[in-house]
Every structure is written in structure tokens, then in C-alpha cells.
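Listed below are the residues making up each chain.
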Amino acid sequence: MSKFDGGNKKREEPAISTASLPDIVFMLLFFFMVATKAKDNEASVMVALPTATETGKLEDKTPTAYIQLGVPVKSLQKIYGDKTSIQLNDAIKEKKDIRMFLDEKRASIKSNYSDVAPEIGASKAKQMVVCLKVDKKTKLGIVSEVKEELRDGSALKVNYIVNEGK
Amino acid sequence: MPKRQAPEVNAGSMADIAFLLLIFFLVTSEMSKEAGKFQLLPEKTDEKQEITDKVKERNVIEVLVNDDNKVLFEAKLVNIEEIPSLVKEMILNAADKEDWPESRPVSMEEVTSIVAKNKKALENASEAKAKSAEKKLRKSELRVKALEIFGEDFKKSSHVVNMQATQGASYETYIALKDKLDQAYTSLRDDLAKRKLGRGWEDLTLEEKAMLKMVYKENISESPVVQ
């Protein structure tokens, strides 16, 4: 026992090793990388989503295109006014641009598969789901006009994004 | 000369680097799963759509949202909270009212004959179509199973929920109404699941859910918005 309590009363506490701290942080980092995805674009319109209880979630690999409907954000109101507007990608666009937007999205889905399996790309483009993020105060008139455009562009799969809850 | 060891690399700043990366990802990303309500829009037809299969008036359940965001059920003003129970009652039509949607029991011969037909179709299907033919067969087999489990509760209802909205109605009410209609179906399925399987809708397996969706099949049609 003399080895342990031998005389030296002024022993210092050993410092806590921080060598494993990077590992912990990296674990956190990987969790967030997997559980989240990059924000796709800057908001040009303000969208407060409605709530619903009966909702579903799309499968992870489903190709999607987002269309936002709402009043432009404060800084853009000088240019676009304060009427409900349509946001495609990251800019405010007209209703007639929707068709082109859909074609662009389909083309970009196809190009992801163009080297390996073009036929998969074509079927993926067909499966594309249009996610509508619409402000809850929006009048239905414009929503249905957008839906008509989607039908014209034969994008029939629509997903209304909502908040889950009561 | 004494052997000198290579100095150890100080890993103390590794944590700082990792933290920086972590914060970068936190800021530039969002949670990927978004809840949504799915809808399949009807295909565009060139001519003015001809109504090929006329729906009998008794089978139509009318729901409407007007400009003041008030909900009308069968032309009567109702509170939106009442919609699920009202729709449920009409679809079930337990009292067999003459002006409420009709339904008829599904027979075993009917479903088994569909299975036989789909089996044949799968045998004759080309390679390209084999996948969808097989899917069809699985579905019809599941229908037989559903009939075995749910028996006389498995009815073929002819109801159509016709949902309509005016241009000035708000999107919030529209989604709320859609939600209430979905709740009506979920509640129907939940009731039957509790009665026959002893478990609620939430605790069912995917297959059981699929079967219940066959028993109470959703049939919501949306009319274009009116002025």
C-alpha cells in the first residue's frame, strides 16, 4: 500500500481529459447532417402554415418541387406590392411561369439519373410531388388558379404542407 | 545522441473545429420531414368534362365553404367541428334512410373472382407490366383477407363527398375542412378496428390499415371553386 499513500500529501487532482470532446461533437455533427437537409431557398413571401391532424409524410426519396404562396416580405413589398404572390425557387414569379418551373424541375430530376439509368429518371420525374406552402390567410381563388396551372402542366400530385397538431 | 520522439500533435483545437462545423450545419439546414396533406388532382380533359357515371343524388354528400368561411353541410349551416360525425353518420347510414348514401355487402365470390382474374393477368403479363399486375394481385388478395376478418362490415358504399369552396374562402378553412373529412374516415376505421381487432387505428399494422382503407374507401371529389 505504501505505493499509494506514501508521504506525498500534496497530490494534485489530475486534469479531466478533453481528448474525447471532438468525438462527441462530431457525433452531434453527423446527427444533424443526417437528420436535416439544406435550406433550399430564401423566403420571399411570408407563409404561416395552417394546422391539421390527419397528415402524411412523403417518402425520403420522393422528388419534390416547392411553390410558396403568400404576401411578399416587407423588404420586397415596394417592388411587388402587398398582394398574395407566388414564389418559385427563390424569386417572386407570375402564374404563367409555373409551367416552365415544372419543366425545369423535371429536367433537373432527370439529369440526376442521366448517366446511370435514364429510364429511372423519367419515371422519377413523373412521380414528382408539388409541395404547396400556402399562407393560411390566402384566398382560395388564387390557390385554385395555381392548381389549374399544375393540372395544365400535368403535375397532378400535390402535397399541402401543414403544421401537425390540433 | 538520445533518440528524440516526434512531438505529439495537439488535438485540443479539434473540438473547436468540430463545433464550428456543427454550428454551420445547424444554421444552414432545416428538419427534413414536413407533414402534409396529399391530394391527387384530376387529369385535365380537353372537352368540357362529360359526366359518364352519373352519381345518384342520394349518394352525394355536399360540403361547402363560403366567402365568410362558414361551412354548409347538405345546404345547412353547421359548425365545422360537427363535420366528422355528420359525415360518418351519412356514410354508415345505419338506419338505411332512402335519401342517404346506399351501400351493399361485398360477397366472397366477387372478391375471389377478382383474385382469379388478376392471377391470370399476371401469368399473361409482359415483363414490363408484371410489376403492376403483381401489385394488383396482392391488393385483391388483401381484399379477400379483409372480407374474412371484417365480414358483413365490409360494404361497398356508393357515397361521394363533394367538397366545394368559393373564391373568397380562406385557405385555412379549406384545409380545416379537408382535415375534418379525413378525420371522419379515420374515425370510421378506428371504430371498426376497436370492434373487430380490439385495437385503435394508431396501433394497427400497415397491412391492417390497408385493409381498413378498403373497407371504408375514401371518395372525396372536389368541385372547382365558384364565385
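All values reported here derive from a predicted model rather than from experimental measurement.

Enquirer: Explain the overall build of chain B to me, please; I cannot follow it from the model alone.
Expert: On a plain count of helices and strands, chain B comes out with six helices and nine strands. Radius of gyration (C-alpha) of chain B: 27 Å, far over the 17 Å computed for a compact globule of 227 residues. Summarising its shape, the C-alpha atoms of chain B cover approximately 105 × 55 × 45 Å along the three principal directions.

Enquirer: I would appreciate a short explanation of the overall build of chain A in the present structure.
Expert: Along its length, chain A carries six helices and ten strands. Its C-alpha atoms give chain A a radius of gyration of 26 Å, clearly above 15 Å, the size a compact globule of 166 residues would have. Considered along the principal axes of its C-alpha atoms, chain A spans approximately 90 × 45 × 35 Å. For chain A, the share of sequence-separated contacts (at least 6 apart) that also reach a separation of at least 24 residues comes to 70%.

Enquirer: It is not clear to me how the pairing of strand E8 (residues 160-165) of chain B should be interpreted in this structure. Could you clarify?
Expert: Two faces make up the sheet, and in a regular strand the side chains alternate between them. Residue and element names in this part refer to chain B. Pairing geometry for strand E3 (residues 60-65) and E8, over six bridges, is parallel. Within the sheet, the bridge partner assigned to Ile61 lies in E8 and is Val161. Of the pairings in the sheet, the one linking E8 to strand E9 (residues 220-222) comprises three bridges and is parallel in character. Within E9, the position partnered with Met163 by the bridge is Glu222.

Enquirer: Whenever I open this one, the sheet that holds strand E5 (residues 76-78) of chain B confuses me. Can you help?
Expert: Sheets are built from strands that pair by backbone hydrogen bonding, the pairs being arranged parallel or antiparallel. All names here are of chain B. Pairing within the open sheet is mixed, and its five strands lie in the order E5-E4-E3-E8-E9. On the outer flanks of this sheet lie E5 and E9, each paired with one strand and no other. Each neighbouring strand pair of the sheet contributes to a mean axis angle of 30°, computed without reference to strand direction. Relative to E5, strand E4 (residues 71-73) runs antiparallel, the two being bridged by three bridges. Counterpart to Val71 in the pairing with E5 is Val78.

Enquirer: Sorry if this is basic, but what is going on with the interface of chain A and chain B here?
Expert: At the junction of the two partners, chain A supplies 45 residues and chain B supplies 42 residues. Residue assignment for the side of chain A that touches chain B shows that the elements contributing at least two residues are helix H2 (21-35), strand E1 (36-38), strand E4 (56-57), strand E8 (129-134), helix H6 (140-152) and strand E9 (157-161) of chain A. Per-element tally for the side of chain A that touches chain B: the top contributor is H2(A), with nine residues. Split into classes, the residues belonging to the side of chain A that touches chain B amount to 24 nonpolar, nine polar and twelve charged. Here E4(A) pairs with strand E2 (residues 35-40) of chain B via two bridges, running antiparallel. Bridge pairing in E2(B) places A:Gly56 opposite B:Gly36.

Enquirer: What is the right way to read unusual backbone geometry from this model?
Expert: Leaving glycine aside, a negative phi is the common case for residues, and trans is the common case for peptide bonds. Residue and element names in this part refer to chain B. A positive phi angle, close to 60°, is found at Asn69, a residue other than glycine. Following the sequence through the fold, Asn69 ends up in the loop between E3 and E4. The phi angle at Glu74 is positive, at roughly 50°, despite the residue not being glycine. Among the secondary structure elements, Glu74 is positioned in the loop between E4 and E5. Owing to 14 C-beta atoms within 10 Å, Glu74 belongs among the partly exposed residues under this scheme.

Enquirer: Which parts of the structure should I look at to understand helix H6 (residues 206-215) of chain B?
Expert: One turn of the α-helix equals 3.6 residues, which is why residues spaced by three or four share an orientation. All names here are of chain B. The complete set of buried residues in H6 reads Met211, Leu212 and Val215. Across the axial projection of H6, the buried residues extend over an arc of 100°, all falling on one side. The secondary structure elements touched by the buried residues of H6 are helix H4 (130-150) and helix H5 (171-196).

Enquirer: Even after reading the chapter, I still don't get the packing of helix H2 (residues 83-92) of chain B against H5(B), so can you show me in this structure?
Expert: Angle between the axes and distance between the axes are the two parameters that describe a pair of packed helices. All names here are of chain B. Their axes nearest at 8 Å, the elements H2 and H5 cross at an angle of 50°. Comparing the axis directions of H2 and H5 gives the class oblique. Here H2 runs over H5; the crossing is right-handed. Residues Ile83, Pro84, Val87, Lys88 and Ile91 of H2 pack against Leu177, Lys180, Leu181, Gln183, Ala184, Ser187 and Leu188 of H5. Its residues placed into classes, the contact of H2 with H5 shows eight nonpolar, two polar and two charged.

Enquirer: Before we go on, may I ask you to explain the environment of A:Lys136 in this structure?
Expert: Residue position: A:Lys136 is located in the loop between E8 and H6. Given 19 C-beta atoms within 10 Å, A:Lys136 falls into the partly exposed group. In this structure A:Lys136 touches A:Ala48, A:Leu49, A:Pro50, B:Ser170, B:Tyr171 and B:Glu172, once residues within four positions along its chain are discounted.

Enquirer: I would appreciate a short explanation of the pairing of E2(B) in the present structure.
Expert: Bridge count between E9(A) and E2(B): five bridges; the pairing is antiparallel. Each bridged residue has a counterpart across the sheet, and for A:Val158 the counterpart in E2(B) is B:Gln39.

Enquirer: What exactly am I supposed to notice about the packing of helix H4 (residues 97-113) of chain A against helix H5 (residues 118-126) of chain A here?
Expert: Residues and elements named next belong to chain A. The contact between H4 and H5 brings their axes to 7 Å, and the two run at 155°. By the criterion of interaxial angle, the relationship of H4 to H5 is roughly antiparallel. Viewed along their axes, H4 and H5 form a crossing whose handedness is right-handed. In contact with Arg106, Ile109, Lys110, Asn112 and Tyr113 of H4, H5 contributes Pro118, Ile120, Gly121, Ala122, Lys124 and Ala125. Of the residues assigned to the contact of H4 with H5, the class counts are six nonpolar, two polar and three charged.

Parameters and conventions
- Residues numbered from 1 in each chain as written.
- Chains lettered and ligands numbered in written order.
- Predicted model: local features only at pLDDT ≥ 70, side-chain atom pairs only at ≥ 80, totals over all residues.
- Helix = DSSP H or I, 4+ residues; strand = E, 2+ residues; numbered from the N terminus.
- Rg over C-alpha atoms; globule rule 2.2 N^0.38 Å.
- Contact = placed C-beta atoms within 7 Å.
- Pairing = 2+ DSSP bridges.
- Axes fitted to C-alpha atoms, helices over the stretch in contact; angles between N-to-C directions.
- Nonpolar A, V, L, I, M, F, W, Y, C, P; charged D, E, K, R; others polar.
- Buried ≥ 20, exposed ≤ 12 C-beta atoms within 10 Å, placed from the backbone.
- Arc of directions from axis to C-beta.
- Parallel < 35°, antiparallel > 145°, perpendicular 65-115°, else oblique.
- Left-handed = near helix turned anticlockwise from the far one by under 90°.

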